[in-house]
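Okay, here's what each chain looks like letter by letter:
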Amino acid sequence: MHTLLYPFAAVIGQEHLKHALLLNAVNPRVGGVVVRGEKGTAKSTTVRALGELLQEKISGAPGGENRSLVVTLPLNATEDMVAGGIDFQCTMREGCRVFQPGLLAKADKGILYVDEVNLLDDHIVDIVLDAASSGENRVEREGISFSHPASFLLVGTMNPEEGELRPQLLDRFGLCVEVTAENDAAERVELMLRREQFDENRKGFIAFYRKENDRIAGKVRAARELLSAVRMPEHLRRFISELCRENNVAGHRADLVIEQAARANAAYKGRIVVEVDDITDVASLALAHRRRDAQPPPPPEEPESQPESESQKNRNPEERDEQSSSSEPEQFQETGEESRSDERSPENESEKNEGKRERQSDSREDETEESHGDASISEQVFDIGSSFKVRSISSPKDRVVRRGSGKRSRSRVSQKQGRYTKSTMRRGNNDIALDATLRAAAPFQRERENHNGMAVVLHEQDIREKIREKRLGNLLIFVVDASGSMGARGRMAASKGAIMSLLIDAYQKRDKLAMVSFRKNEAVVNLPVTSSVELAAKLLREMPVGGRTPFSAGLVKGYEIAHNHLMKEPEARPMVILVTDGKANKALGERKPLEEAYELSKKIAAEERIRFLVVDTEEPGLVNFGLARKFAVMLQAEYFKIDDLQADTLLNIVKDATS
Amino acid sequence: MKKQYTYPFTAIVGQEQMKLALVLNSINPTLSGVLIRGEKGTAKSTAVRALADILPEIDVVGGIPFNLSPDEDSDIIKECFEVSGEVLSEERERLSVEKRKVRVVELPVGATEDRVVGTLDLEHALKAGEKRIEPGLLASAHRGILYVDEVNLLDDHVVDVLLDSAAMGVNTIEREGVSFAHPSRFTLVGTMNPEEGELRPQLLDRFGLCVQIDGIRDAEERVMVMERRFLFEENPEAFCRRWADESEKLVEKIDMARRLYPSVSVSRENLLAIANYCLEVGVDGHRGDIIIMKTAKTLAAYDGRTEVGRDDIDKAAMFALPHRIRRQPLQDIVMDVGSMLKNKTSNLES
């Protein structure tokens, strides 16, 4: 479909992005781009404009002249439309199965564009990845066995605020570009003016930039022809591998990508020998999302491009202000380094090694999982757990927490809600997938007797049902001990820090929250079940401390909330997180507080649908009561001491439990 | 059928900010919508529904439910006819063109995805054995207003779809054996109660303007609200007739502003001021700048001027910035941009 798009040449700034896209246009083997950045920074605009640019001029590619080179993969695509399936209309007419190509076939030799790629459903991601890596799409479904070439560029855009991409998927993208808003007021003015001109008169605006657009397209075309002649001198190959080694890159993809990108860069500049500049020009784009070390890259003679290292992506908003997109690379780097050492210098050494090992085993797992193929796809729930960076709890507002937590727990849903993703022959809930049913019935239409005047005769065995997926947020119930004993020595501050980290994570997973605090004589529901994480954060900040410890009351309140929630949503798996030192000294009834609390714990533990987590805040000293641990045993809960409570460990546990 | 009367827009008491934001959007649809934040029972929905009455008429291609403009690319029109199973005569002249009011299409919170994006026409598939598309809400909302009550409670996967098409102005259907795309540019109007959870940042940014409304505090005005409501319910016809004049006036004013808009200019100085606002206040991306400029121009046009003044910019920033100012994670949205701006302005001027 042809719409009037904002022209590529008219995009202001975003030089890295444009550069990365053009490199891919010249040399498809660069392997695609993922564009990360805050909202409203011309991410989508630029990518779409590239499609337009290529469509106009480089349509000589096989597969027809007017075929659009950019194929958009919408987030709600169903599996049969991505991979391809039976065309029921033709199949009915012909009486034998006719294959209808899916998006992957359309994207062959072109660009497959996914907006908000981090929100794409897992099983679609798997199909796309599978095709992207093998250059071929194999369809084994609905009684057809078919394969066709599918070599395409994967271009994705994402806003990290909405959750991260799986590392496995991230690595598949050749280049990664981080975009930010323009900081220069004059440029911003120019940007406003152009946008307004464009909105007022689209055709005129496009015509105005046609010449410049054509020039770029011409350059790309020339570079494409030149590409096969471009030579890579041997010593530069070594330079590339050196570069990758120093950056501690995972796997070998980075080396290959840099080589291809450098060749494209040389071709684009009209040279047939790759020079050092070509490599330094592109290296940062290829290394940005693969770098695992905190070290900044070795800048030989640093060119203008210096995108983000992984930890820089997670920098605070304040730092983002200081950063300028293309000027001042020196200063920019310094900022990044500072923030890094601020954040994590203490744990740096031990973590580095550990993290590496974990990452490696992780990626291996992913790979094997993937090779199992389509059959098991929708059952997979990906565990991102161990790829976490360790961070200190004292800076809970830091964004590091968000790494890798992009996947909410998903589950099949039995109600007729959620996204229809694929179909099944198994009957269960009368949620009929009409399209799949028709496809199943289509090949037999010629043989079947037609009684009722309908064009299609459906038999019982044709019926297919929809499988729907829905992201299920979980219910997290925080039961916080706010008694006097918690106020000592910053215990409460530490606890709050930990809770805050969980809150940020809960936001991304769209979890529901509730908060109970107990102090003095009673337990209070500070926050009834809500999805407003903001409210929870505010309440947490204001939570007062002092008084006795009515432990039983808190336990009961937390249980009540979980239980009530289960009445409404029997499939939910609420989790109660007890933050306490366990020194119960106020009972509900006449018995001794501790005895009563133990008794209650045992009873409550019988409810298997509710999970418990105990965070022990008792200060290690000469006399340890270990009461919280006892409670944990009785509740059959996971147990933690607040001192070994690195945010990520707690987060991982919650993740494991809720996935 | 008895005619359904909607409560006239002009008869709504107070809530000037919200009314203005809606009017601005009907003058200039490229403002891309309003997010109305506030408690229940503050005439949010009434205002949006009433807006339909003061919206202009547009030309649409008849015979298909896609609300296409006759100026649309002929390929697209042809394609839309094809998927609807209609035949389009060869000559473009015979395209039937209808005049119709801009529509307000409501997206219920419980809407399923297939109803939103469109899906396979079940009846036709069974009867004729052919694929045909049953267009969804996004098709009806093209060139109109898409109204989502309680937008923060919308299912995540429906939000994804909205984001997709709001970004591109195109709705792409790739599901249930149907592969098709049609234009879908709409003004997104959403209401929400912040206590029930925030919006996702990506969706938040898609709303051009943002207004916060509260219940009216003034007793006199509250009485007026009750009186008018009572009169309307007693005899809607008479009530609407009584307000017809006012409505007419507003429609004319909007119409005039719409014609004036292209000739409104902004001085470079003022543009710089906008850019500096956004830089100093700290806004993600560039949409803030663009929206402030457009809003300021629309305000000037609504006021009958062709030159954007400083006041327009201040006012526009109040609408365009609250939901865009960069926040710490989990921080509340600050609605009081005014104070922030005043500081900035004095800094700039000194």
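Novice: What should I look at first to understand the overall build of chain A in this one?
Specialist: Within chain A, the regular secondary structure consists of 23 helices and 18 strands. The contacts in chain A between residues at least 6 apart in sequence include a share of 78% that link residues at least 24 apart. Within the structure as shown, chain A displays about 26,800 Å² of accessible surface, and the carbon and sulfur contribution to it stands at 49%.

Novice: Got a minute to help me understand the side chain of Arg194 of chain A in this structure?
Specialist: Residue and element names in this part refer to chain A. Within the secondary structure, Arg194 is located in helix H8 (residues 185-200). Arg194 gets classed as buried once you look at its relative accessible area, which sits at 15%. Apart from residues no more than four positions distant in its own chain, Arg194 is found in contact with Tyr6, Ala9, Ala10, Val11, Ile12, Phe205 and Tyr209.

Novice: Before we go on, may I ask you to explain the confidence of the model for chain A in this structure?
Specialist: Atomic detail in the predicted coordinates should be set aside for any region of low pLDDT. Residue and element names in this part refer to chain A. Of all residues in chain A, 68% have pLDDT values of 70 or greater, and the mean over the chain is 70. Per-residue pLDDT stays below 50 along residues 57-66; that stretch engages in 14 contacts with residues further than four places along the chain or on separate chains. Between residues 293-414, whose pLDDT stays under 50, and residues either more than four places distant or in other chains, the model counts 230 contacts.

Novice: How do you make sense of the packing of aromatic side chains when you look at a structure like this?
Specialist: Centre distance and the angle of the planes are the two values used to describe a pair of aromatic rings. The tally for this structure, following the rule as stated, stands at 12 aromatic pairs over all chains. Taken together, a centroid distance of 5.0 Å and an interplanar angle of 45° make the contact between Tyr598 of chain A and Phe631 of chain A tilted. Taken together, the positions of Tyr598 of chain A in helix H21 (residues 593-605) and Phe631 of chain A in helix H22 (residues 627-635) put the pair 33 residues apart, joining distant regions of the chain. For Tyr598 of chain A, a relative accessible area of 16% translates into the label buried. For Phe631 of chain A, a relative accessible area of 1% translates into the label buried. Note on Tyr7 of chain B and Phe232 of chain B: the rings are 5.2 Å apart at their centroids and 80° apart in plane angle, and the pair reads as edge-to-face.

Novice: Can you help me understand the sheet that holds strand E4 (residues 104-107) of chain B in this one?
Specialist: Note: strands within a sheet are paired through backbone hydrogen bonds, in either parallel or antiparallel orientation. Residues and elements named next belong to chain B. Pairing within the open sheet is parallel, and its 5 strands lie in the order E4-E7-E10-E1-E11. In this open sheet, the two edge strands, each paired with only one partner strand, are E4 and strand E11 (209-213). Averaged over neighbouring strand pairs, the angle between their axes works out to 20° when direction is ignored. Where E4 lies against strand E7 (residues 145-148), 4 bridges are found, and the strand directions are parallel. Note that in E7 the partner of Leu107 across the bridge is Val148. On the sheet, helix H1 (residues 16-27) packs against strand E1 (34-38), strand E10 (187-192) and E11 and is oriented at approximately 160° with respect to E11.

Reading the values: rules and limits
- Residues numbered from 1 in each chain as written.
- Chains lettered and ligands numbered in written order.
- Predicted model: local features only at pLDDT ≥ 70, side-chain atom pairs only at ≥ 80, totals over all residues.
- Heavy atoms only, no water.
- Helix = DSSP H or I, 4+ residues; strand = E, 2+ residues; numbered from the N terminus.
- Contact = heavy atoms within 4.5 Å.
- Areas by Shrake-Rupley, 256 points an atom, 1.4 Å probe, with all protein chains shown as cover.
- Buried < 20%, exposed > 50% of the residue type's maximum accessible area, 1.4 Å probe, protein only.
- pLDDT = per-residue confidence, 0-100.
- Phe/Tyr/Trp six-rings, centres within 6.5 Å; stacked < 30°, edge-to-face > 60°.
- Pairing = 2+ DSSP bridges.
- Axes fitted to C-alpha atoms, helices over the stretch in contact; angles between N-to-C directions.

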